[in-house]
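# Geometric and topological summary
One letter stands for each residue in the lines below.
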Amino acid sequence: MSSLSTGQTPADASAASADVVPTSMPPRARSRSLAHGLVDSFSRRIQSGALRPGDKLPTESEIVRAHGVSRTVVREALSRLQAGGLVETRHGIGTFVLEPGRAAIFRLEPADMANAVDVLQVLELRISLESESAALAALRRTDAQLTEMRDALDAFEANVGEASETVSQDFRFHLQIARSTGNRYYADIMSHLGETLIPRTRVNSPRLAMEDAGAYLRRVNREHEEIYEAIKRGDPEAARAAMRLHLTNSRERLRRAQEEAGRAPAADSRG
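Every value quoted in this text rests on a predicted model; they were computed, and no experiment measured them.

Moving on: the overall build of the chain. Within the chain, the regular secondary structure consists of 11 helices and 2 strands. For the chain, the N- to C-terminal ordering of α and β elements is α-α-α-α-β-β-α-α-α-α-α-α-α. Burial status across the chain gives 46% buried among its 271 residues. Residue pairs at least 24 apart in sequence account for 73% of intrachain contacts in the chain once pairs closer than 6 positions are excluded.

Spelled out as structure tokens, the structure:
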């Protein structure tokens, strides 16, 4: 396993210059364009072998300095790389390049498409709703509420062998964060939607992630742990970022599966 430098290669410099977008572009569109450029840069380095399986990516702060982009752009790019199966983030350690083959995409069957569209829309809602609720929870949670979150995570981990048994604990954790905001409307919305908020109640999330169920669920709970730790130490920005990354990972995997399914008929018609 090699140690990585944040110094840019000529290819990186070219990619960085390609990331420049018009300042007149709307902020969200500009952010997405910069994130796309960063994803392309890292993807090329992985595919060329400049970054090998097991290599650790530079830290978020190092990427910000090296590429001249914001933390929001870096987090969005890392989320897309994770969703594409190119890298994985390990709690408290860093982000590492995965072995080739993990990036293969699971193709949705036509019968699954309606569910997938609905799940994607719910995830979009959750990203905006729960990212902010996590930040508020970091500022307002009580010790009792933190204990309830901890209990939910421990119960989740204890039931990893039974995928269906983790759904209620997954929802319990997210609902408790909403309750910890001190704003009852967050919890009201979450309660109204119920356990159908959890994607794997409606689509095969482990298959989308190209993992066995146990590995998938353990990774999900590691993401939960990052959210919990940020809330525990009262860090709203870290809590917001951890929640956004957790939910965006699911959204990106599902979005890519939908795109692949949409291209399938055209490819099939060509024989």
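Structure shown, so let's carry the discussion forward.
Moving on, we get to the pairing of strand β2 (residues 94–97). Here β2 shows two buried faces, one formed by G94 and F96 and the other by T95 and V97. Pairing analysis gives 4 bridges linking strand β1 (residues 87–90) to β2, with the strands arranged antiparallel. Note on β2: the bridge partner recorded for E88 is F96.

Averaged over every residue, the pLDDT of the chain is 79; the share at 70 or more is 73%. Per-residue pLDDT, averaged within each element of the chain, yields its smallest value for helix α1 (residues 10–18) (40) and its largest for helix α6 (residues 143–158) (96). Under a pLDDT of 50 for its full length, residues 1–23 has, in the predicted model, 32 contacts with residues more than four places off or in other chains.

Criteria and cut-off values
- Residue indices begin from 1 for each chain and proceed along its sequence in written order.
- The model is predicted, so local features are restricted to residues of pLDDT at least 70 and side-chain atom pairs to those at 80 or more, both for listing and for counting; the totals for chains, interfaces and linings are taken over all residues.
- With hydrogens and water excluded, all non-hydrogen atoms of the structure serve as input to the side-chain values.
- Helix and strand labels come from DSSP, where a helix needs a run of H or I of at least four residues and a strand needs a run of E of at least two; each type is numbered from the N terminus.
- When a residue's accessible area, from a 1.4 Å probe over protein chains only, is under 20% of the maximum for its type it is buried; when over 50% it is exposed; and in between it is partly exposed.
- Between two residues, a contact is recorded if the distance between any of their heavy atoms is within 4.5 Å.
- When DSSP finds two or more bridges between a pair of strands, those strands are recorded as paired.
- Across the chain, each position has a pLDDT score giving the predictor's confidence in that residue, from 0 to 100.

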